[in-house]
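Secondary and tertiary structure notes
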Amino acid sequence: MKTFLWSFILFAGLAGLSACDEDERVDYQYLPDSVHQFVSTYFPDVKVVKAEKKNEEPRYKVWLSNGFELKFYKDGGWQKVDGNLQVLPSALQIDILPGNLLTYVATQYPTAGIVEAARYDWGYEVELNTAPLVELEFDNDGNVTQIDRD
């Protein structure tokens, strides 16, 4: 009886832990059309390796074969583009980031590239491929609000 009870407790505990996992692997084809449009526009020849759906924001996460990781909100709008230290494509930067932000980065960090960009309610955050890494925060109009150096 003791063995049965311990087995039941162990099984219930493992089942509870797996229920806490909020990431659900999904077939890329079932993600919103706006996610497909984003990927095909900015990464046309890159293969989707994996896609996940979460029960929280950002809702969708997509991994590409070139090492980029993309996060999207529930409505399919982009939330984060992480190049994993690779510079984001120029067309992508121009289309998703405010002009003021791009001008600031180009003038203040002329030899640096943007390797990560995120969009929040309060504005934008970008990471540059400088040594040490520099993270910049901007308001929604593209005005710098904070500079962090690692």
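Before reading further, recall that the structure is shown in the block above.
Everything in this summary refers to the structure shown in the same document. In this text the structure is predicted, and so the values were computed from the model without any measurement.

1. Digging into the overall build of the chain
Regarding its fold elements, the chain presents four helices and nine strands. Going from N to C terminus, the chain has its helices and strands arranged as α-β-α-β-β-β-β-α-α-β-β-β-β. In the chain, which comprises 150 residues, the proportion classed as buried is 39%. Put simply, 38% of the contacts in the chain that link residues at least 6 apart link residues at least 24 apart. Entry remark: accessible area of the chain is about 9100 Å², with carbon and sulfur atoms responsible for 53%.

2. Some words on the packing of aromatic side chains
Counting across every chain of the model gives six aromatic pairs. Between the aromatic rings of Phe-38 and Phe-72, the centroid separation amounts to 5.3 Å while the plane-to-plane angle is 85 degrees, which identifies the pairing as edge-to-face. Within this pair, whereas Phe-38 is found in helix α2 (residues 33–42), its partner Phe-72 is found in strand β4 (residues 69–72), the two being separated by 34 residues in sequence. When its relative accessible area of 1% is taken as the criterion, Phe-72 is described as buried. Taking the centre distance of 5.0 Å and the plane angle of 15 degrees together, the rings of Tyr-120 and Trp-122 count as stacked. Under the relative-accessibility criterion, Tyr-120 is labelled partly exposed at 27%.

3. Topic: the pairing of strand β6 (residues 114–120)
The buried fraction of β6 amounts to five of the seven residues, a majority that puts the element mostly inside the structure. Of the pairings in the sheet, the one linking strand β5 (residues 78–82) to β6 comprises three bridges and is antiparallel in character. When the sheet's bridge partners are listed, Val-81 is paired in β6 with Ala-117. If you look at the hairpin formed by β6 and strand β7 (residues 123–128), you'll find two residues sitting between the two strands.

Analysis parameters
Residue positions are given per chain, counting from 1 as you read along its sequence in written order. Per-residue local features of the predicted model are confined to residues with pLDDT of at least 70, and side-chain atom pairs are confined, for both listing and counting, to 80 or more; whole-chain, interface and lining totals are unaffected and use all residues. Working from all heavy atoms in the structure, the side-chain values ignore hydrogens and water. Helix and strand definitions here come from DSSP, where helices need a minimum of 4 consecutive H or I residues and strands a minimum of 2 consecutive E residues; each element is numbered from the N-terminal end. Summary of the burial criterion: residues with accessible area below 20% of their type's maximum are buried, those above 50% are exposed, and those between are partly exposed, where the area comes from a 1.4 Å probe applied to protein chains only. Any two residues whose heavy atoms approach within 4.5 Å are treated as being in contact. Computed with the Shrake-Rupley method and a 1.4 Å probe, the accessible areas treat only the protein chains shown as cover for residues. A pair of Phe, Tyr and Trp rings is counted when the ring centres sit within 6.5 Å of each other, with Trp represented by its six-membered ring. The angle between the planes then sorts it: under 30 degrees is stacked, over 60 is edge-to-face, the rest tilted. If DSSP finds at least two bridges between two strands, the strands pair.

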